[in-house]
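Structural overview for review
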Amino acid sequence: QGPSCLRVAITSPRTDDLCVHGYRCVVGSKIVVGYDGERSSNALDRAIDEARKDGSQVVVVAVAEMPLNPEGPQNFGTLDDSPARMIPLVEPPELEPILAEAKERIEAAGLTGEYMWAAGDPANEIVEAAKDRGAKLIVIGSHHHGLLTRIFGADVATQVKREAGCDVIVAE
């Protein structure tokens with residue numbers, strides 16, 4: 001599917017827009033979806049539906065949840081003045097089938113996608129991926145949390161809605 005076109009008065013075309021005969025075609029818009037497999041299947045479905053409306057690219061973000069910054073120093077100091085040792089990150093094997101499934105579903109819908117993984121806090125990683133790509137929309141799933149989870153504030157959807165610089169859809 002091609003880009004969506006809106007009839008607008010063009011006074012100064014931007015280089016990231018394709019303009020033909022007074023139409024401004026929005027090219028390259030992105031929708032970020034936080035995806036962790038079956039638990040967020042509704043979120044991926046909704047992202048695909050939204051992308052079909054205007055030909056947006058779907059950016060799938062799978063996050064390996066880690067309490068500490070995995071890209072930070074791997075120890076709490078050294079005995080001398082040498083820098084702390086860093087361990088390179090590799091894709092966790094449990095994320096490979098999740099991203100493969102998302103790719104299969106997006107391609108079956110006739111859309112293009114970008115597939116990435118991150119390690120860390122899911123809300124922060126999803127929001128950062130959206131900001132880095134200039135996404136117009138974030139779609140995430142709504143997981144039902146128990147009382148303790150709500151008390152201790154581990155709700156990803158609420159944190160994403162609070163920090164996102166774009167629209168957010170929480171798919172039930």
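Residues numbered from 1 in each chain as written. Predicted model: local features only at pLDDT ≥ 70, side-chain atom pairs only at ≥ 80, totals over all residues. Heavy atoms only, no water.

1. Description of the environment of P122
What counts is decided by this rule: What counts as a helix is a DSSP run of H or I of at least four residues, what counts as a strand is a run of E of at least two, and both are numbered from the N terminus. Pairs of residues are marked as contacts when any of their non-hydrogen atoms sit within 4.5 Å.
Relative to the helices and strands, P122 is located in helix α3 (residues 122-133). When sequence neighbours within four positions are dropped, the list of residues in contact with P122 reads V63, E65 and V156.

2. So, the confidence of the model for the protein chain
Convention followed: Confidence of the predictor at the level of single residues is captured by pLDDT, which takes values from 0 to 100.
Per-residue pLDDT for the protein chain averages 77, and the proportion of residues at 70 or more is 65%. For the protein chain, the element scoring lowest by mean pLDDT is strand β1 (residues 5-7), at 33; strand β4 (residues 30-34) scores highest, at 97.

3. Side note on the pattern of salt bridges
Inclusion rule: For this document, the term salt bridge refers to a Lys or Arg side-chain nitrogen within 4 Å of an Asp or Glu carboxyl oxygen. Only protein chains enter the accessibility calculation, which uses a 1.4 Å probe; a residue is then buried when its area is under 20% of its type maximum, exposed when over 50%, and partly exposed in between.
Scanning all chains against the criterion turns up 9 salt bridges. R46 is paired through a salt bridge with E50; the nearest N and O atoms lie 3.1 Å apart. Of the two residues, R46 and E50 both sit in helix α1 (residues 41-54), 4 residues apart, roughly one turn of that helix. On the accessibility criterion, R46 (34% relative accessible area) is partly exposed. The shortest N-O distance in the salt bridge between E50 and K53 comes to 3.2 Å. Of the two residues, E50 and K53 both sit in helix α1, 3 residues apart, roughly one turn of that helix. Under the relative-accessibility criterion, E50 is labelled buried at 13%. Residues joined by salt bridges that share partners form a network here, namely K30, E114 and R133.

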